Amino acid sequence: MERLITGLTGKYVIFTAAFAIRLALVAYGDYQDRTMVVKYTDIDYHVFTDAARFITEGESPYNRSTYRYTPLLAWMLTPNIHLSMMFGKILFIVCDVLSGLLIYRILRLRGLNSETARRVCALWLLNPLPMGVSSRGNAESILAALVLGTLLCMEARHLIWAAVLYGLSVHMKIYPITYALPIALALRTTRSEDIKRWRWRSFIGFIGSFLNRELLLFASVAGGVFCMLTALFYYMYGWEFLHETYLYHLTRRDIRHNFSPYFYMLYLTADSRWSQWLGLAAFLPQLILLLVASWAFHSDLPFCCFLHTAVFVSFNKVCTSQYFLWYLCLLPLIIPHLSLSVKQGVGLLILWFTGQGIWLGPGLLPGV
Amino acid sequence: MYFVLFSVLACLSTCHCFTGNDENHCGLLKRLLESSRVSVEINKKGFHREAVTTVELSPDVLSGVRVLLVHRWPRGVYLDPYQLASLSVESDWQILLDSAIDLELPAHKTSGFVTYVYPTVDGPTPRLLKVTIPVHGRYHKPSYDGKTFTSVDIEAPELLLRTEKCTQLSIFEPHAVVDAPCTADNSSACSWVKLQHQQEQGAVGLQFPVGDGSLVTPVCGGTLLVTMISCVALSKYLWKHRLV
């Protein structure tokens, strides 16, 4: 009985503490915004709020320049105008803590005991990076919750819910589309075949293995959700919606605030006739690695998704600091199953921070 | 008869008062034009700067005189309309932009623009005015002549003055008379007198870093080589350790 009580209180303490710290940060951010010159709130939050204001006035959220997200986000933030400016931030920190809960559930489903699962969750819940990002008003935690929800439903084999959440997450940001291949590979009928001899029959058998009930169900529900949302917002806001939400990101060549390895190359060739070909050449390593990672690791879906996101973010033509959260939310899922020693792990972490420091150093040094 | 004389005298004196007052205000404006000074300085470093415009008006009674600062900005910088909107709520000036500003285009794809700043909209105009406007640098094309910085020149703004009570603006030669919006809501145009520049302050130069265009081949080659090698190495490693 006593152990049960300690177990329960232990489980809820970490989630409550995580929420309380984030709430305190939101309150502090409000204080800093009102009293100091350097604002705590991110400019993106003001973009969302302005777009939500346009919606409350019956106009398109794309009247706000640099609003490049789904109208769903602006609709969700309309209480910012009707209730309080803090609503959006509270929503984001709730999704943040929800992501932590989803991580805990996935870890339990993958066979970890409660104590270890909670400790691993603390990597997300007590991590200053997602705390800071959500309390500053970035919407990344909504997407983290959707992606983690999809993975949880896949682990628990609730395919329809997984498909709904997947369709929603692809609608909100394009990058989860890369998970389609590992999910398809995971859902197809696996037959123990001898694929050493590639013949037309085994190739057709391979294609045929994709045509099973589960995969078709997933594809139709996810596709249906995505198409329905796209059709609805296209009807409401027209071509501008398609362009700002999807096409802009596909052809984006942002040369400012960029962590991408291609940024200088794209800046120097921005107006030359080779820029299209260079863009394609930059896309190839990303595509090849995504295909290889899908095939090599599709049996462990969270690990495969983590690799996909890490590859996508690292080899993308545009990378801002928000992108790092996309694979950070999946890291706690795979850490218990890694065979890295603590020393190696810490060494890699230091290497990651050193890389960041070298990249940002020249920009932050005085004299620029 | 005395009544007629009295009324004529009253009329004459009122007329004299009117023309005298008009002369007073126009004379005041003329004195302001002769002794006012406007200057601009740029603070902060990097791509996000502040333009501080200082206006010194000559020490006279300044009731009824309205000031307008017209900045002509070059294509290499931009102002963020949303930032300006939130700033003008907190400060006492209002700003009007002459065109929509794209916040993300590089410099060679845009053109310069004009802003009208109305300081101290409510209340009397003080002798010393300071208006701080945040200015942001645009990205420029890479340079091909080895220079690592490009220069953008910001000129001092034009100082425009007007008062309700002086309407004969043609007497202020050589200062030009221009039409400009009366207030920041651009509902009507008024005639303003433009201060002839004393030419004592030239343009302020801003330096923004640019890339080196002559390095395009090594940069492209190097970037693609590194990413291809990483891709091949990672693919081999992933394939070797694949889960069966």
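Details of the structure are given in the entry above.
In this text, all values refer to a predicted model and were calculated from it rather than measured experimentally.

Engineer: Run through the overall build of chain B, naming residues and quoting values.
Structural biologist: Summing up its helical and strand segments, chain B has three helices and 12 strands in all. Here chain B holds 244 residues, and 40% of them are scored as buried. Taking the contacts inside chain B whose residues are at least 6 apart along the sequence as the reference set, 75% of them involve residues at least 24 apart. If you sum the accessible surface of chain B, you get close to 13,800 Å²; carbon and sulfur atoms cover 58% of it.

Engineer: So, the side chain of Ser-294 of chain A: which residues are in play, and what are the values?
Structural biologist: Mapped onto the elements, Ser-294 of chain A comes out in helix α15 (residues 275-297). The contact partners of Ser-294 of chain A, leaving out residues within four places of it in the chain, are Leu-181, Pro-182, Leu-185, Cys-304 and His-308 of chain A.

Engineer: Account for the nonpolar core, with residues named and values stated.
Structural biologist: Grouped together as the largest cluster of nonpolar side chains are 86 residues, with contacts concentrated most on Phe-48, Tyr-67, Leu-73, Phe-218 and Leu-330 of chain A. Sorting elements by how many residues they give to this core places helix α8 (residues 140-155) of chain A first, with 11 residues. The contact partners of Tyr-67 of chain A, leaving out residues within four places of it in the chain, are Val-47, Phe-48, Ala-51, Pro-61, Tyr-62, Leu-73, Ala-74 and Glu-244 of chain A. Counting residues in hydrophobic clusters, the runner-up holds 43 residues, among them Leu-57, Leu-69, Trp-73 and Cys-166 of chain B.

Engineer: Could you give an account of the sheet that holds strand β5 (residues 94-97) of chain B, naming the residues involved and the relevant values?
Structural biologist: All names here are of chain B. Spatially, the six strands line up as an open sheet ordered β5-β6-β3-β9-β11-β10, and their pairing is antiparallel. At either margin of the open sheet sits one strand with a lone partner, and together these are β5 and β10 (177-181). Across the sheet, the mean angle from the axis of one strand to that of its neighbour is 35°, orientation sign disregarded.

Calculation criteria
- Residues numbered from 1 in each chain as written.
- Chains lettered and ligands numbered in written order.
- Predicted model: local features only at pLDDT ≥ 70, side-chain atom pairs only at ≥ 80, totals over all residues.
- Heavy atoms only, no water.
- Helix = DSSP H or I, 4+ residues; strand = E, 2+ residues; numbered from the N terminus.
- Buried < 20%, exposed > 50% of the residue type's maximum accessible area, 1.4 Å probe, protein only.
- Contact = heavy atoms within 4.5 Å.
- Areas by Shrake-Rupley, 256 points an atom, 1.4 Å probe, with all protein chains shown as cover.
- Core = buried A, V, L, I, M, F, W, Y, C linked by side-chain atoms within 4.5 Å.
- Pairing = 2+ DSSP bridges.
- Axes fitted to C-alpha atoms, helices over the stretch in contact; angles between N-to-C directions.

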